[in-house]
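What follows is each chain in one-letter form.
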Amino acid sequence: MAKVYIVQENPNVNVIGAGRFGDLIPLLPPGRQITLSSAPVTKLLKNKLKDFNDKDFLLAMGDPVAIGIASMVAGEVNNGKVNMLKWDRENQCYYNVPIDLYQKGESNE
């Protein structure tokens with residue numbers, strides 16, 4: 001089954017709706033901030049995202065630096081492809097924003 005990797009848990013945010021995309025897996029605990037060194041978090045995220053694939057998703061929530069690292073790691077593991085879940089406030093649901101970093105020759109803009 002697909003996995004939804006939650007970059008950083010937030011006990012004040014209900015992410016149950018993202019469960020329709022796969023099993024919810026938190027990567028970092030609430031409140032953890034990256035300050036002077038990103039190395040420990042990078043190592044942790046590389047380990048937790050080592051099996052990230054086309055069926056999986058990242059839910060971008062938490063420390064912006066952690067979101068950046070998780071996105072980079074997931075993209076590295078999966079040949080530049082990452083499915084990001086984005087919350088739509090108006091429709092009150094998550095939707096998938098697929099990213100293909102190495103896509104060549106195609107543009108909607």
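Refer to the structure printed above.
Residue indices follow the written sequence of each chain, beginning from 1 at its first position. Since the coordinates come from a predicted model, pLDDT governs what is reported: local features require at least 70, and pairs of side-chain atoms require 80 or more to be given and counted, while whole-chain, interface and lining totals use all residues. Only hydrogens and water are set aside when side-chain values are computed; all heavy atoms of the structure are taken into account.

### Some details on the sheet that holds strand β1 (residues 3-8)
Whether two strands pair comes down to DSSP finding at least two bridges between them. Put simply, DSSP H or I for four residues or longer makes a helix, DSSP E for two residues or longer makes a strand, and each gets a number counted from the N terminus. The strand order across the open sheet built from five strands is β2-β1-β3-β4-β5, with neighbouring strands paired in mixed fashion. Only two strands of the sheet have a single neighbouring strand rather than two, namely β2 (23-28) and β5 (93-100). Across the sheet, the mean angle separating the axes of adjacent strands is 30° when strand polarity is ignored. Alignment of strand β4 (residues 81-88) against β5, held across eight bridges, turns out to be antiparallel. Considered in β5, the bridge of Leu85 is made with Asn96. It only takes one pair of heavy atoms within 4.5 Å for two residues to be counted as in contact. Working convention: axes come from line fits to C-alpha atoms, limited for helices to the stretch in contact. Angles between N-to-C directions cover 0 to 180 degrees. On top of the sheet, helix α1 (residues 39-48) reaches β1 and β2; it is set at about 160° to β2, its chief contact. The sheet strands contacting helix α2 (residues 64-77) are β1, β2, β3 (57-59) and β4, and the helix crosses β4 at an angle near 145°.

### What to know about the side chain of Asp88
With respect to the element layout, Asp88 can be found in strand β4. For the exposure calls, accessible area comes from a 1.4 Å probe over protein chains only, and a residue counts as buried if that area is under 20% of its type's maximum, exposed if over 50%, partly exposed in between. Only four residue types enter the charge count: Lys and Arg as positive, Asp and Glu as negative, with His and the chain ends excluded. For this document, the term salt bridge refers to a Lys or Arg side-chain nitrogen within 4 Å of an Asp or Glu carboxyl oxygen. Within the buried core, Asp88 has no salt-bridge partner, and the shortest N-O distance to an opposite charge, that of Arg89, equals 7.1 Å. The contact partners of Asp88, leaving out residues within four places of it in the chain, are Cys93 and Tyr95.

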